[in-house]
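Remarks on the overall topology
Take a look at the letters that make up each chain.
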Protein chains: 2
Amino acid sequence: MVLFKLDKNSKIPLFKQLINEIKEKIEIGALKVGDKLPPTRQLAAHLDVNRTTIYKAYQELWALGYIESKSGSYSYVRQKRECNSEVLLSENESICWKNKINPQAEKLFQQFGKIGHPFSGKTEKFDGIDFSLLHPDSRYFPAERFRKALNEVLTANPSDLFDYGESRGYLPLRRIISNRLTLHGINTNVDEIIITNGAQNAIDLLIKLLVKPGDRVFVESPSYGMMFPTLTFYGCKIVPIPMTNEGADLNILQSELQKEAPAFYYTMPNFHNPTGITANQEYREKLIALFEKFQVPIVEDAFEEEMKYFGKVPLPIKSMDKNKIVIYVGSFSKILFPGIRVGWIAASKECIDRLAVLKRCSDMSGNQPIQAALAEFCKEGFYEVHIKKIHKVYRKRMMLAISNLQKLNRFENVEWIEPNGGFTIWIKLKNIPFSYDELNEIFLANKIRLALGRDFFLTNSTERYFRLSVANLNEKEIYLGFNRLYNAIKDIYN
Amino acid sequence: MVLFKLDKNSKIPLFKQLINEIKEKIEIGALKVGDKLPPTRQLAAHLDVNRTTIYKAYQELWALGYIESKSGSYSYVRQKRECNSEVLLSENESICWKNKINPQAEKLFQQFGKIGHPFSGKTEKFDGIDFSLLHPDSRYFPAERFRKALNEVLTANPSDLFDYGESRGYLPLRRIISNRLTLHGINTNVDEIIITNGAQNAIDLLIKLLVKPGDRVFVESPSYGMMFPTLTFYGCKIVPIPMTNEGADLNILQSELQKEAPAFYYTMPNFHNPTGITANQEYREKLIALFEKFQVPIVEDAFEEEMKYFGKVPLPIKSMDKNKIVIYVGSFSKILFPGIRVGWIAASKECIDRLAVLKRCSDMSGNQPIQAALAEFCKEGFYEVHIKKIHKVYRKRMMLAISNLQKLNRFENVEWIEPNGGFTIWIKLKNIPFSYDELNEIFLANKIRLALGRDFFLTNSTERYFRLSVANLNEKEIYLGFNRLYNAIKDIYN
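These numbers were taken from a predicted model, which means no experiment stands behind them. (Residues numbered from 1 in each chain as written. Chains lettered and ligands numbered in written order. Predicted model: local features only at pLDDT ≥ 70, side-chain atom pairs only at ≥ 80, totals over all residues. Heavy atoms only, no water.)

**Here's the deal with the overall build of chain A**
Selection rule: Working definition: helices are DSSP H or I runs of at least four residues, strands are E runs of at least two. Numbering for both runs from the N terminus. This radius of gyration counts C-alpha atoms alone. The globule rule is 2.2 Å times how many residues there are, raised to the power 0.38. Residue contacts are defined here by distance: any two heavy atoms, one from each residue, within 4.5 Å place the two residues in contact. Methods summary: accessible areas were calculated by the Shrake-Rupley approach with a probe of 1.4 Å, and residue burial reflects only the protein chains presented. His is not counted, nor are the chain ends, whereas Lys and Arg count as positive and Asp and Glu as negative. Note on charges: their place is set at NZ of Lys, CZ of Arg, CG of Asp or CD of Glu.
Within chain A one finds 17 helices and 15 strands. In terms of C-alpha radius of gyration, chain A reaches 31 Å, well past the compact-globule figure of 23 Å for 494 residues. Each of the three principal axes of chain A carries a C-alpha extent, and together these read 95 × 55 × 50 Å. Long-range contacts, defined as pairs at least 24 residues apart, comprise 73% of the intrachain contacts of chain A with a sequence gap of at least 6. Carbon and sulfur atoms provide 49% of the accessible area of chain A, an area that totals close to 20,100 Å². Side chains of chain A carry 67 positive and 57 negative charges; the gap between the two charge centres is 3 Å.

As structure tokens, this is what we get:
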């Protein structure tokens with residue numbers, strides 16, 4: 001019988017010592033493939049240890065692939081497959097992921113996945129004034145109230161909330177959303193709402209619902225930058241519709257509709273990202289009439305619906321949608337917190353029923369405790385209070401930004417659009433010989449960062465645009481930032 | 001000047017009364033398109049109310065599309081587009097969603113979306129004994145400890161957690177997962193892990209990563225039922241590989257690999273769903289060698305990796321994966337709570353980098369506060385404590401179920417596979433003239449519900465299988481349930 005030595009004074013548990021002993025004996029060849037190990041009872045007596053110690057050691061050796069054992073019978077040393085065995089593929093034989101990866105996914109990665117790309121989700125730290133962010137200001141997050149709401153619901157019925165939820169989303173939250181939408185003139189019932197992981201998830205699900213590879217999709221140009229990779233992945237043809245100061249050009253929309261109907265039209269009628277343009281009522285009426293005529297769905301992205309702190313904004317297109325051709329996308333991200341990932345789609349029941357299956361296939365359902373806490377938060381009236389508070393904050397910020405914009409009047413090559421609310425201002429620099437990268441260098445040298453216009457267009461243009469956001473900057477920072485912007489533009493035109 | 005009457009004693013706010021008055025006047029024609037409204041100052045004086053009351057009313061009327069106003073100028077009645085205007089499409093003109101909806105999405109809905117379908121996410125309430133559920137038992141949820149962990153993290157750094165997170169997932173949680181995987185013999189670093197919304201989201205992202213329409217995907221037969229709609233949506237050809245008592249048939253795998261390599265092979269080596277089969281070490285070694293030879297990725301779904309309460313289970317295939325061809329999917333759903341939707345993928349960095357972009361396009365990132373709370377929960381040692389507790393619970397339940405199975409020995413047409421852990425037992429009823437629906441009726445009449453075998457196969461078979469799960473039943477319920485099962489089977493064979 002092979003001898004094993006165990007040290008009862010060691011800190012290493014006995015069964016682990018035994019494992020190491022046996023492994024070592026196998027590795028140095030003292031135990032060979034096919035060798036019988038001592039029966040547990042016999043070895044336990046021999047080593048003067050509890051028989052479960054031997055059991056435990058044998059069990060782990062078996063899991064590690066060193067020994068073979070059949071219940072009630074002996075354990076044998078077996079041929080363990082070594083990790084560094086001969087099957088290790090050599091460098092040029094090793095699996096070539098590029099050949100395995102879906103070319104659409106590879107394309108996304110090559111175009112948008114590199115670290116530092118604005119869509120990579122990992123932007124470098126910046127210690128200047130950052131006008132590029134569209135995140136709401138974390139200094140105003142009602143975190144403490146949300147924590148209270150979470151505690152409320154998790155104390156009341158934790159089991160329900162930790163179990164699988166409905167793919168359509170947590171019913172009480174759908175009810176609250178449905179009620180809230182009536183304030184915007186939208187009448188929907190809970191069966192016409194599905195909750196998503198933020199607006200981005202809504203867009204992804206809607207593409208799955210409506211788009212076949214090769215389909216056309218109309219998108220305002222410029223538009224929300226993440227639309228391009230998301231649509232591209234699903235193999236559709238993006239048709240950019242140029243923005244005018246009122247909204248996307250209706251004549252071009254009409255002629256494109258006549259050419260070939262798209263799977264849908266994606267539009268942001270309020271505080272359009274990135275231009276900040278808000279379409280007026282007359283424009284909206286013409287738009288919906290046009291799409292009703294061609295029977296093409298409109299996806300209305302209302303990510304900043306509630307940011308109407310200047311008051312004067314028409315109701316959503318969805319509010320006029322008697323024929324249910326409008327699919328409305330909403331989100332809590334820009335008002336409360338992006339990190340909880342809660343948005344929704346309001347659309348005809350036929351769409352929602354199908355979206356529920358797509359949602360189930362993509363991740364079963366949203367996060368239950370978070371949805372419940374959000375419902376509680378709204379029920380307590382915290383949402384109303386918060387909206388009022390941030391309206392004051394952002395009204396002040398935007399007024400300050402607009403008044404500071406006037407300073408740029410002395411540059412005849414600088415143009416901008418004054419927004420009716422929201423977070424962003426769109427600036428155009430005309431007659432510029434510099435590339436975006438060169439301009440960015442000048443901004444960074446002046447310790448400001450702006451979102452580069454190119455990220456909002458499908459194709460390059462000779463014009464140079466920048467999106468300036470006040471979402472994350474307080475008044476002092478805005479004031480200082482505009483001084484720097486003024487200096488940067490002076491540098492550019494000198 | 002048109003006269004308006006306001007009732008200062010009414011509970012309806014004055015500006016709302018004014019809105020109603022003006023709307024009514026427009027609707028009855030007392031105010032016509034193009035009519036000027038009184039200036040705010042003048043009307044305020046006339047009605048003896050604050051001027052902001054008039055402002056508010058005009059603003060809302062404008063948002064509602066009743067009036068037109070330019071800043072500093074008069075307000076006019078405009079032609080409002082009526083919801084029930086002439087553009088309302090008639091019944092047979094109205095948008096036909098079936099023509100708009102992606103046929104793959106429609107197919108999913110027709111096959112899997114109907115209410116009552118086991119994949120619809122809405123199962124009917126059942127007051128008998130339910131052997132069909134694979135959810136962990138909510139009576140053992142460590143809800144209170146998780147709530148404490150949530151409070152801990154939300155008190156410490158709420159702003160960080162409510163802001164957008166990394167697409168790859170919350171770094172400290174990735175670290176914890178990476179550490180935990182070493183217990184299962186898997187060495188990965190944090191760059192080789194991405195956090196997903198549960199295992200289903202991991203599968204969806206992996207299909208996006210690896211599959212082009214028309215690609216073959218190998219799947220054990222039977223398999224996790226949700227694989228079929230999910231794979232079908234992306235247009236791939238599912239190749240079912242029949243299960244033997246050891247795992248999917250290696251000879252068939254080999255011949256299918258020789259025929260045409262698939263995009264990947266999806267396998268559950270531990271406590272396979274639905275059969276409960278656990279592949280032994282020798283099988284796993286042959287399997288990985290085979291796929292290394294053909295350089296085809298293996299997706300190892302380890303959704304119940306930690307449910308090894310009987311001890312004797314080999315390490316994951318991923319633990320032998322020197323060549324990084326194995327993509328490992330894990331989940332917290334079956335151990336802690338499904339409702340928090342947290343799972344992960346461990347794979348080569350090349351895959352993870354690309355998955356991060358796909359994740360970003362599909363929903364930006366996972367839920368931040370929940371990921372942080374989970375990390376805290378694990379750090380506090382609660383996860384370890386909980387695993388030990390539920391191991392005891394499920395060991396007892398499964399032992400009771402296995403001993404009760406012996407009663408079925410008197411039926412020569414009943415076969416089953418004894419599992420090594422996990423939640424499920426797979427039962428085969430031979431020589432049966434009844435359909436699944438008829439058998440289900442018999443079970444329901446005996447006040448038990450089982451998962452029907454047909455939901456785990458791509459195509460119908462003449463055999464009749466049932467999956468019996470002890471996940472949600474305590475010992476008393478299991479005992480009672482087996483008595484009823486015995487009676488039901490007696491009914492079937494009489």
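**A closer look at the packing of helix α16 (residues 436-445) of chain A against helix α17 (residues 475-493) of chain A**
Residue and element names in this part refer to chain A. Filter applied, for reference: Note on definitions: angles span 0 to 180 degrees between N-to-C directions of axes, and those axes are lines fitted to C-alpha atoms, for helices only across the stretch in contact. By the definition adopted for this analysis, an angle is roughly parallel if under 35 degrees, roughly antiparallel if over 145, roughly perpendicular if from 65 to 115, and oblique otherwise. In this scheme the handedness of a crossing depends on how the near helix is turned from the far one: anticlockwise by less than a right angle means left-handed, clockwise means right-handed. Asp, Glu, Lys and Arg are counted as charged, while Ala, Val, Leu, Ile, Met, Phe, Trp, Tyr, Cys and Pro are counted as nonpolar; the rest, among them Gly, fall into the polar class.
Packing of α16 against α17 brings their axes to within 9 Å, and their N-to-C directions diverge by 135 degrees. By the angle between their directions, the pair α16 and α17 is classed as oblique. α16 and α17 meet at a crossing whose hand is right-handed. In contact with Leu439, Ile442 and Phe443 of α16, α17 contributes Leu485, Ala488, Asp491 and Ile492. Tallied by class, the residues present in the contact of α16 with α17 amount to six nonpolar, no polar and one charged.

**A look at the packing of helix α9 (residues 198-210) of chain A against helix α13 (residues 349-363) of chain B**
Orientation of α9(A) relative to α13(B), taken along the N-to-C sense of each, is 95 degrees, at an axis distance of 5 Å. Classed by the angle they form, the pair α9(A) and α13(B) counts as roughly perpendicular. Of the residues in α13(B), those in contact with Gln200(A), Asn201(A) and Asp204(A) of α9(A) are Arg360(B), Cys361(B), Ser362(B) and Asp363(B). Each residue belonging to the contact of α9(A) with α13(B) can be placed in one class, and the counts come to one nonpolar, three polar and three charged.

**Considering the relation of the copies chain A and chain B**
Selection rule: Here the copies are superposed with least squares, the fitted atoms being C-alpha atoms of residues at a pLDDT of at least 70 in both.
Structural alignment of chain A on chain B gives an RMSD of 0.2 Å, achieved by rotating through 180 degrees and translating 0.1 Å along the axis. Such a combination of rotation and displacement between the chain copies is what one expects of a two-fold axis.

**Description of the pattern of salt bridges**
The cut-off we apply is this: The salt bridge definition used is simple: a Lys or Arg side-chain nitrogen within 4 Å of an Asp or Glu carboxyl oxygen.
Tallied over the full model, the rule gives 54 salt bridges over all chains. For Arg139(A), the salt bridge goes to Glu477(A), with nearest N and O atoms at 3.1 Å. Of this pair, Arg139(A) sits in the loop between β3 (129-130) and α6 (143-156) while Glu477(A) sits in helix α17, placing them 338 residues apart in sequence. When the shortest N-O distance is used, the salt bridge between Glu166(B) and Arg174(B) registers 3.5 Å. Overlapping salt bridges bring together Asp137(A), Arg139(A), Arg397(A) and Glu477(A) as one network.

**Focus: helix α1 (residues 14-28) of chain B**
All names here are of chain B. To keep things clear, this is the line we draw: Given the number of residues in a helix, its expected span is that number minus one, multiplied by 1.5 Å. Exposure is judged per residue with a 1.4 Å probe applied to protein chains only, and the accessible area is read against the type maximum: over 50% gives exposed, under 20% gives buried, and values in between give partly exposed.
Here α1 contains 15 residues, and its C-alpha end-to-end distance of 21 Å stays within 8% of the 21 Å for a straight helix at 1.5 Å per residue. Within the sequence span of α1, burial applies to Phe15, Gln17, Leu18, Ile19, Glu21, Ile22, Lys25 and Ile26. Looking one or two places after α1, you find glycine 29, whose phi comes out positive at around 95 degrees.

**Here we look at the confidence of the model for chain A**
Put simply, the rule reads: Per residue, pLDDT measures the predictor's confidence, with a range of 0 to 100.
Per-residue confidence for chain A gives a mean pLDDT of 90; residues scoring 70 or more make up 94%. Here the predicted complex carries an ipTM of 0.87, next to a pTM of 0.87.

**Let's talk about the packing of aromatic side chains**
To be explicit about the condition: Pairs were defined over the aromatic rings of Phe, Tyr and Trp, the Trp ring being its six-membered one, requiring ring centres within 6.5 Å. Orientation was assigned from the angle between planes: stacked under 30 degrees, edge-to-face over 60, tilted for the rest. Our definition puts a charge over a ring when NZ of Lys or CZ of Arg is within 6 Å of the ring centre and also within 35 degrees of the ring normal.
Under the counting rule described, the total for this entry stands at 44 aromatic pairs over all chains. Between Phe162(A) and Phe337(B), the ring centres sit 3.9 Å apart and the planes meet at 25 degrees, which makes this aromatic pair stacked. One end of the pair, Phe162(A), is in helix α7 (residues 158-162); the other, Phe337(B), is in the loop between β9 (326-331) and β10 (343-346), on a second chain. Each member of the pair Phe162(A) and Phe337(B) is classed as buried. Among the aromatic residues, those joined into a cluster by ring pairs are Phe141(A), Phe146(A), Phe337(A), Phe377(A), Phe382(A) and Phe162(B). Directly above the ring of Tyr74(A) sits Lys36(A), whose terminal nitrogen or CZ lies 4.4 Å from the centroid. When the ring centre of Phe15(B) is taken as origin, the NZ or CZ atom of Lys56(B), which lies over that ring, is 4.5 Å away.

**Focus on the sheet that holds strand β11 (residues 414-417) of chain B**
Residue and element names in this part refer to chain B. What counts is decided by this rule: When DSSP finds two or more bridges between a pair of strands, those strands are recorded as paired.
Read across the open sheet, the four strands follow the order β11-β12-β15-β14; overall the sheet is antiparallel. Two strands lie at the open edges of the sheet, namely β11 and β14 (451-452), each paired on one side alone. The pairing of β11 with strand β12 (residues 424-429) spans four bridges and is classified as antiparallel. The partner of tryptophan 416 across the bridge, within β12, is isoleucine 427. With respect to the sheet, helix α16 (residues 436-445) is in contact with β12, β14 and β15 (464-469), its orientation differing from that of β15 by roughly 40 degrees. Where helix α17 (residues 475-493) meets the sheet, it contacts β11, β12 and β15, and its direction lies at approximately 15 degrees from that of β12.

**Side note on the interface of chain A and chain B**
We apply this condition: Defined in terms of a 1.4 Å probe, buried area is the accessible area two parts forfeit on being brought together, summed over both.
On the side of chain B, 117 residues touch chain A, which itself brings 118 residues to the contact. Summing both sides of the interface, chain A and chain B together bury roughly 10,100 Å²; the carbon and sulfur share of this comes to 60%. The tally of links from chain A across to chain B stands at six salt bridges. Arg78(A) is paired through a salt bridge with Glu285(B); the nearest N and O atoms lie 3.1 Å apart.

**Some details on α13(B)**
Residues and elements named next belong to chain B. Between the first and last C-alpha of α13 there are 21 Å, a value that for 15 residues agrees with the 21 Å anticipated at 1.5 Å per step. Among the 15 residues in α13, 13 count as buried, and that is most of the element. Directly after α13, the chain includes methionine 364, whose backbone phi takes a positive value near 75 degrees.

**Considerations on the side chain of Lys428(B)**
Residues and elements named next belong to chain B. Relative to the elements of secondary structure, lysine 428 occurs in strand β12. For the buried lysine 428, no salt bridge exists, and the shortest N-O distance to an oppositely charged side chain is 4.0 Å, to glutamate 463. Those residues in contact with lysine 428 that sit more than four places away from it in its chain are Asn413, Val414, Glu415, Glu463, Arg464 and Tyr465.

**A look at the sheet that holds strand β5 (residues 216-221) of chain A**
Residues and elements named next belong to chain A. Taken in spatial order, the seven strands of this open sheet run β4-β10-β9-β8-β7-β5-β6, and their pairing is mixed. The open sheet has two edge strands, β4 (193-196) and β6 (237-242), and neither has a second partner. Across the sheet, the mean angle separating the axes of adjacent strands is 20 degrees when strand polarity is ignored. Summarising the sheet, β5 and β6 pair through six bridges and their orientation is parallel. Of the residues in β6, the one forming a bridge with serine 221 is proline 242. Against the sheet, helix α8 (residues 171-182) engages β4, β9 (326-331) and β10 (343-346), with an angle of about 115 degrees to β4.

**Looking at unusual backbone geometry**
Here the residue pair Asn273(A) and Pro274(A) is connected by a cis peptide bond, since its omega of 10 degrees sits within 30 degrees of zero. For Asp48(A), which is not glycine, the phi dihedral falls at a positive 55 degrees. Mapping Asp48(A) onto the fold places it in the loop between α2 (40-47) and α3 (51-63). Within the chain, Asn431(B) stands out as a residue other than glycine whose phi angle is a positive 50 degrees. Assignment of secondary structure puts Asn431(B) in the loop between β12 and α16.

**Quick notes on the pairing of β4(A)**
Residue and element names in this part refer to chain A. Residues Ile193 and Ile195 point to one face of β4 and Ile194 and Thr196 to the other, with burial holding for every one of them. Judged from the four bridges that link them, β4 and β10 form a sheet pairing that is antiparallel. Opposite threonine 196, over in β10, you have glycine 343 as the bridge partner.

**Section: the side chain of Glu305(A)**
All names here are of chain A. Rule in force here: Side-chain atoms alone can form a polar contact between residues adjacent in sequence; in general such a contact is a pair of N or O atoms within 3.5 Å, and within protein one must be able to donate a hydrogen while the other accepts it.
If you trace the backbone, glutamate 305 turns up in the loop between β8 (298-301) and β9. When its relative accessible area of 4% is taken as the criterion, glutamate 305 is described as buried. Side-chain polar atoms of glutamate 305 contact the side chain of lysine 308, separated by 3.0 Å. Those residues in contact with glutamate 305, other than ones at most four positions away along the chain, are His184, Asn270, Pro316 and Tyr328.

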